[in-house]
Amino acid sequence: MSAFLVASPAMSEQVGNVDVDWLGNDIVIEAFADPEVAGVTCHVAYFERGLIDRLQKGDWFEDPSNSAISCRQTGPISIGDIDRSDEGESIFAERRSIIWKSLSVKRIFDAANQTLIYVAHARDVQDGSAKMSLSTIPLYQAPDR
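Caption draft 1: Focus on the nonpolar core. Counting 21 residues, the largest nonpolar core has Phe32, Val40, Ile69, Val105, Leu116 and Tyr118 as the members making the most contacts within it. At the level of elements, strand E2 (26-33), strand E3 (37-48), strand E4 (67-79), strand E5 (89-95), strand E6 (101-110) and strand E7 (115-124) are the ones that each hand at least two residues to this core. If we skip the residues at most four places from it in the chain, Phe32 touches Ala10, Met11, Ser12, Val40, Thr41, Cys42, Val44, Ile91, Phe92 and Val105.

So, in C-alpha cells, the structure goes:
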C-alpha cells in the first residue's frame, strides 16, 4: 500500500525501492527539489509495509514513522523568499496513516552560520515522535583565484 500524499509545496519522485523481506516490506526513496531554493535536492527514505505484513498484524492503515533525509547542492544555489524564523517552514509532507500521522520535512535557515538545515520528522496529532533525521547545506562561496 503506498503512502497517501497530502498537499505540500514540493512534489516528489520515487527514485528507489529496496525490498527488505519476503513480506513485501520496502524502503522507499523519493527525491524532491526545494521549492524556494533552486539548486537543492533532498532524498527522503522511509519504510513502507507490504500487504502480507498488514494482513499479519491487522494494522492496515499505518506505516512506521522512521525516515532518513539527505539534501545536497545539485546546481547553483539561489534562495527565494524563504521563512527565516527559527520555526522554519514545511517544504514536504506525506501521509504515513489515513488520518493521524505524516512525514514532514522542514527547512530552517541558520543565518549566523550561513547554512540551510533540513529536518525530516513524524507529525502526529496526539503522540509526537522523537524520530527525526537532519541534513545541512553550507552556503559559503569558494574564494575566486
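Further notes follow.
Caption draft 2: Layout of the sheet that holds E2. In space, the 4 strands of this open sheet follow the order E1-E2-E3-E4, with antiparallel pairing throughout. The strands lining the two open edges of the sheet, one partner per strand, are strand E1 (13-19) and E4. Each strand axis lies, on average, 15 degrees off the axis of its neighbour in the sheet, ignoring direction.

Caption draft 3: Geometry of unusual backbone geometry. For Gln114, which is not a glycine, the phi torsion comes out positive at approximately 45 degrees. Mapped onto the elements, Gln114 comes out in the loop between E6 and E7.

Caption draft 4: Local environment of the environment of Ser90. Mapped onto the elements of the fold, Ser90 is located in strand E5. Along the primary structure Ser90 and Ala120 are separated by 30 residues, whereas in three dimensions their C-alpha atoms are 9.7 Å apart.

Caption draft 5: Spatial organisation of the side chain of Asp26. Within the element layout of this structure, Asp26 appears in strand E2. With near-sequence residues (within four places) excluded, Asp26 lies in contact with Asn17, Val18, Asp19, Val20, Tyr46, Phe47 and Glu48.

Reading the values: the criteria
- Residues numbered from 1 in each chain as written.
- Predicted model: local features only at pLDDT ≥ 70, side-chain atom pairs only at ≥ 80, totals over all residues.
- Heavy atoms only, no water.
- Core = buried A, V, L, I, M, F, W, Y, C linked by side-chain atoms within 4.5 Å.
- Buried < 20%, exposed > 50% of the residue type's maximum accessible area, 1.4 Å probe, protein only.
- Helix = DSSP H or I, 4+ residues; strand = E, 2+ residues; numbered from the N terminus.
- Contact = heavy atoms within 4.5 Å.
- Pairing = 2+ DSSP bridges.
- Axes fitted to C-alpha atoms, helices over the stretch in contact; angles between N-to-C directions.

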